[in-house]
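Read off the chains here:
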Amino acid sequence: MISGRDLHPHARDSVPLMHHLLDPNPEPLRLWLAERQLPAYRAGQIRKWLFERRADSLEDMTDLPKSLRADLAADFRLWSSTIARHQSSDDGTEKLLVEWPDAQRVECVLLRDGARRSICISTQVGCGMGCVFCASGLDGVERNLTAGEIVEQMLRLARLLPDHERLSHIVVMGMGEPLANLNNLLPALDEASSPSGLGISHRRITISTVGLPPAIDRLVERNCQYHLAVSLHAPNDELRNELVPVNKNIGIEAIMAAADRYYEASGRRLTFEYVLLGNLNDQAEHARQLASLMRGRTALLNLIPYNPVAGLPYHTPSNRCRERFVEILTQAGINVQIRERKGDQINAACGQLRRLTPAITPISLPS
Ligand code: SF4
């Protein structure tokens, strides 16, 4: 926010000062143009620069008159964040630590896998779900990200690609519980799927959740086609209450029922995520319980060997436990896979980079 003496001569109460151009709400720009009796098609030109032509600044939007670019720059900012850190891994994974003007930071990741160019984005600063093995949840939740901040992560990551490559998939699995910030996530995903936005279909967008039934039902009401991934991490309430404390107020049965409603409404195969923690939830009895929970559901079970977090007392499961776990599930007819961990060299478990990085001078990427 700029101070009163910095007021631009054209500033009006109806347009917030230094509006975020990446905010999905088109009204501020529409009003701003209308107040100056400028043609509405300028908004479409700007949008094209943001999503398709990957402008890094208003200056780059060379088919807008210079005076218009200068006036826009007084009232709108393109980027809200700076890049506090940019890490790359040998497997092509790149990770950004993004810092917002209030000094809060989140992580987002670009993953290269064959022709796929997937990104993993955050929805909150921190997380309130308190999963005991997760770096993101260690300090609780600070705040929700705005819709513009969620879109900004997508566009920052898209700009890491060469011009001829496009993002193909989005996974909302970074820091935070996406369904706890649905009001901001949904408009951001509308931008991702819009043909004039990133043009990524619902079916290539995955929302990962610990399972908040009322929010899952909102997705059902909205007729969403997103791929839903429910993080179980335990096959019974007693263990899940320990590992995912928010479960105490919900319970696995209610989560499975909500997931079933989503499947019935969307027809999309469900995914269940299960982080395998050595000697904790990786025993044969857990595999058998998990098999009965999954039986009869059109679902994929993703097993994720734990990625250790400094300072937390949890371990990667042994190969022997892993193999036995998979074998029990496979023999029970469950569709199961072990998920490859990408970006191990760059602390790819959510929240790790943020915790390991002290306040440092922003580097790389245009801002
Ligand atoms: S695992 Fe996900 S839901 Fe759980 S605390 Fe971490 S970010 Fe939040």
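Residues numbered from 1 in each chain as written. Predicted model: local features only at pLDDT ≥ 70, side-chain atom pairs only at ≥ 80, totals over all residues. Heavy atoms only, no water.

Caption draft 1: Focus on unusual backbone geometry. With phi around 50°, Gln 37 is a residue other than glycine that occupies positive phi space. By the element assignment, Gln 37 lies in the loop between helix H1 (27–35) and helix H2 (41–51). Despite not being glycine, Asn 279 shows a phi value in the positive range, around 60°. Turning to its location among the elements, Asn 279 is positioned in the loop between strand S12 (270–276) and helix H9 (284–294). (Helix = DSSP H or I, 4+ residues; strand = E, 2+ residues; numbered from the N terminus.)

Caption draft 2: Layout of the sheet that holds S12. With mixed pairing, the 10 strands of this open sheet are ordered in space as S3-S4-S5-S6-S9-S10-S11-S12-S13-S14. Two strands in the sheet have a free side with no partner beyond their single neighbour: strand S3 (82–88) and strand S14 (336–338). Across the sheet, the axes of successive neighbouring strands diverge by a mean angle of 20°, strand direction being ignored. Here six bridges tie S3 to strand S4 (residues 94–99), and the two strands are oriented antiparallel to one another. In the strand pairing of S4, Gln 87 is matched with Lys 95. Each of strand S9 (169–172) and strand S10 (205–209) touches helix H5 (residues 182–193); the most contacted strand, S10, lies at about 160° to it. (Pairing = 2+ DSSP bridges. Axes fitted to C-alpha atoms, helices over the stretch in contact; angles between N-to-C directions. Contact = heavy atoms within 4.5 Å.)

Caption draft 3: Local environment of the pairing of strand S13 (residues 299–305). Most of S13 sits out of view: seven of its seven residues are buried. Residue alternation in S13 divides its side chains into two sets, Ala 299, Leu 301, Leu 303 and Pro 305 and Leu 300, Asn 302 and Ile 304, and both sets are buried. In terms of strand pairing, S12 meets S13 through seven bridges, oriented parallel. Each bridged residue has a counterpart across the sheet, and for Glu 273 the counterpart in S13 is Asn 302. Both S13 and S14 contribute to a ladder of three bridges, which runs parallel. Note that in S14 the partner of Leu 303 across the bridge is Ile 338. (Buried < 20%, exposed > 50% of the residue type's maximum accessible area, 1.4 Å probe, protein only.)

Caption draft 4: Spotlight on the packing of helix H4 (residues 147–158) against H5. It is the contact of H4 with H5, at a shortest axis distance of 8 Å, that shows an interaxial angle of 40°. Here H4 lies oblique to H5, going by the angle between them. The two elements H4 and H5 cross, and the hand of that crossing is right-handed. Across the interface between the two elements, Ala 147, Ile 150, Val 151 and Met 154 of H4 pack against Asn 184, Leu 185, Pro 187, Ala 188, Leu 189, Glu 191 and Ala 192 of H5. (Parallel < 35°, antiparallel > 145°, perpendicular 65-115°, else oblique. Left-handed = near helix turned anticlockwise from the far one by under 90°.)

Caption draft 5: Main features of the site of the ligand. As a matter of local geometry, the ligand sits amid Cys 127, Met 129, Gly 130, Cys 131, Cys 134, Ser 136, Gly 137, Gly 176 and Val 210. In terms of residue class, the shell around the ligand is built from five nonpolar, four polar and no charged. (Near = heavy atom within 4 Å. Nonpolar A, V, L, I, M, F, W, Y, C, P; charged D, E, K, R; others polar.)

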